[in-house]
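# Descriptive analysis of the structure
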Amino acid sequence: MPGACARGPAAAGDAWLRLARLALVLLGWVSSSSLTSSATSSASSAPFAAAAAAASAQPPLPGQCPPPCECSEAARTVKCVNRNLTEVPADLPPYVRTLFLTGNQLAVLPAGAFSRLPPLAELAALNLSGSRLEEVRAGAFEHLPSLRQLDLSHNPLASLSPFAFSGVNASVSPPSPLVELFLNHIVPPDDDERHTNRSFEGMVAAALRAGQALRGLRRLELTSNCLVYLPQDVLAQLPSLRHLDLRNNSLVSLTYLSFRNLTHLESLHLEDNALKALHNGTLAELQGLPQVRVFLDNNPWVCDCHMVDMVTWLKETEIVQGKARLTCAFPEKMRNRVLLELNSSDLDCDPILPPSLQTSYVFLGIVLALIGAIFLLVLYLNRKGIKKWMHNIRDACRDHMEGYHYRYEINADPRLTNLSSNSDV
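Here is a short report on the structure shown in this document. Model, not experiment: these values are computed from the prediction.

### Quick notes on the overall build of the protein
A tally of helices and strands in the protein yields seven helices and 16 strands. Evaluated residue by residue, the protein yields a buried proportion of 33% over its 425 residues. For the protein, the share of sequence-separated contacts (at least 6 apart) that also reach a separation of at least 24 residues comes to 66%. Here the protein displays about 25,500 Å² of accessible surface, and carbon together with sulfur accounts for 59% of that area.

### Thoughts on the sheet that holds strand 4 (residues 108-109)
Read across the open sheet, the three strands follow the order 4-6-8; overall the sheet is parallel. Each edge of the sheet is formed by a strand with only one pairing partner; in this case those strands are strand 4 and strand 8 (159-160). Bridge analysis of strand 4 against strand 6 (residues 135-136) gives two bridges, and the strand direction is parallel. If you follow valine 108 over to strand 6, its bridge partner there is glutamate 135.

### Things to note about the state of the cysteines
Taken as a whole and judged by the stated rule, the model has four disulfides. Note on cysteine connectivity: cysteine 65 is disulfide-linked to cysteine 71, with sulfurs 2.0 Å apart. When the S-S torsion is 80 degrees, as for the bridge of cysteine 65 with cysteine 71, the disulfide is right-handed. A residue is classified by how much of its surface remains accessible, and cysteine 65, at 30% relative accessible area, is partly exposed. Across the disulfide from cysteine 303 sits cysteine 328; the S-S distance is 1.8 Å. Between cysteine 303 and cysteine 328, the S-S dihedral sits near -95 degrees, and the bridge is therefore left-handed. Of this pair, cysteine 303 sits in the loop between strand 14 (301-302) and helix 4 (308-316) while cysteine 328 sits in strand 16 (residues 328-330), and the two are 25 residues apart along the sequence. With a relative accessible area of 1%, cysteine 303 lands in the buried category. Classification of cysteine 328 by relative accessible area gives buried; the value is 2%. The cystine pairing of the protein, numbering bonded cysteines in sequence order, is 1-3, 2-4, 5-7, 6-8.

### Considering helix 3 (residues 280-287)
If you check which residues of helix 3 are buried, you get Thr282, Leu283, Glu285 and Leu286. The buried residues of helix 3 occupy one face: seen down the axis, they fall within an arc of 165 degrees. Those residues of helix 3 that are buried are in contact with strand 12 (267-269), strand 13 (293-295) and helix 4.

### Focus: the packing of aromatic side chains
For the coordinates displayed, the defined rule picks out two aromatic pairs. Plain terms: the ring middles of phenylalanine 114 and phenylalanine 141 are 6.2 Å apart, the flat faces sit at 15 degrees to each other, and that makes the pair stacked. Of this pair, phenylalanine 114 sits in the loop between strand 4 and strand 5 (125-127) while phenylalanine 141 sits in the loop between strand 6 and strand 7 (149-151), placing them 27 residues apart in sequence. For the residue pair phenylalanine 114 and phenylalanine 141, the accessibility class agrees, reading buried in each case. Aromatic side chains phenylalanine 141 and phenylalanine 165 sit 6.1 Å apart centroid to centroid with 5 degrees between the ring planes, which places their arrangement in the stacked category. Of this pair, phenylalanine 141 sits in the loop between strand 6 and strand 7 while phenylalanine 165 is found in the loop between strand 8 and strand 9 (180-182), placing the two residues 24 residues apart along the sequence. Of the two residues examined, phenylalanine 141 and phenylalanine 165, each falls in the buried class.

Parameters at a glance
Residues numbered from 1 in each chain as written. Predicted model: local features only at pLDDT ≥ 70, side-chain atom pairs only at ≥ 80, totals over all residues. Heavy atoms only, no water. Helix = DSSP H or I, 4+ residues; strand = E, 2+ residues; numbered from the N terminus. Buried < 20%, exposed > 50% of the residue type's maximum accessible area, 1.4 Å probe, protein only. Contact = heavy atoms within 4.5 Å. Areas by Shrake-Rupley, 256 points an atom, 1.4 Å probe, with all protein chains shown as cover. Pairing = 2+ DSSP bridges. Disulfide = S-S within 2.5 Å. Arc of directions from axis to C-beta. Phe/Tyr/Trp six-rings, centres within 6.5 Å; stacked < 30°, edge-to-face > 60°.

What follows is the structure in structure tokens.
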């Protein structure tokens, strides 16, 4: 019994020890699970925080496409074609590189027409053809640092500011980045009284030679503009020009057009004009350009004595493309003769006139005959007054002549002379 009484307290102590250990184990498990869950929750929230940080670090989404336009972000192209727009859309996406604004009703292109925030820094090609543009003001193409190609063709352009391709303040504006400029078929409206004293030739010349704005231009097209001449210094400020297209105009001479400074010129298109001959100064300038190719087809060449130098030059030069196709248009006896087959003996200044001049002289004769008929009709209708006027002149002349005759008789008769002298005494 005493032994049993001695084991009872020891067994109770062991039980309490086991309970304490179990409590400690349970407490450790709870704490470890709470730590694990907190670590897991913090680890799971980390990607969301990183995603939020990355989203805040990303650039803003590109601008939306204007409602009347069609946009392709992959091709970096925006087309606003035949939408009757009266101004350039304000919400153009900044990624645009090629912009078509053809077939609209723009009328006026003001200064800063393409200024945007963010700027259209990548816009390289701008097509405004056929948009009824009548006026392009100074600084219209400012804030387009990458603009390389501009097409203003098929517009009734009546006013082109000399500073259209530079900034409003041309003295501090950088040169235009333009490389290609198309001004084909520019026909000003006939009923615009504001611009009747401004010729298209002068307007274009002022824009091309304004400062150094277009000194980087390489291609210039001025086709189908009814140009009769070009001012002498119109190309003076285009030292980088490589391609000049003057097809389908009415140029009668290149005497006032200088090519001396165009040392990089590669192609010169003069087809379908009204050229009759190229003179020595022009021939020498063209021959001095190292890599130029000249196109002269479909001009009314007059094969007379003024063509001798040009025929000699054609036989020697290699810069004229298709020179074997060039033929005479006047005089009639030389029509369709190939220029390269002519000799100096074939070229004489015959007074035979081309049919166009003959028609002009016939018309002049008809006009003079009509004027003569009107003059005779006026004389006939005033015949009575003219007759009376003639009678008065006749009577006055007769009285005057009778006075002279009387004095002559007195001076001729000695008796009347003495009598006249005595009577005077």
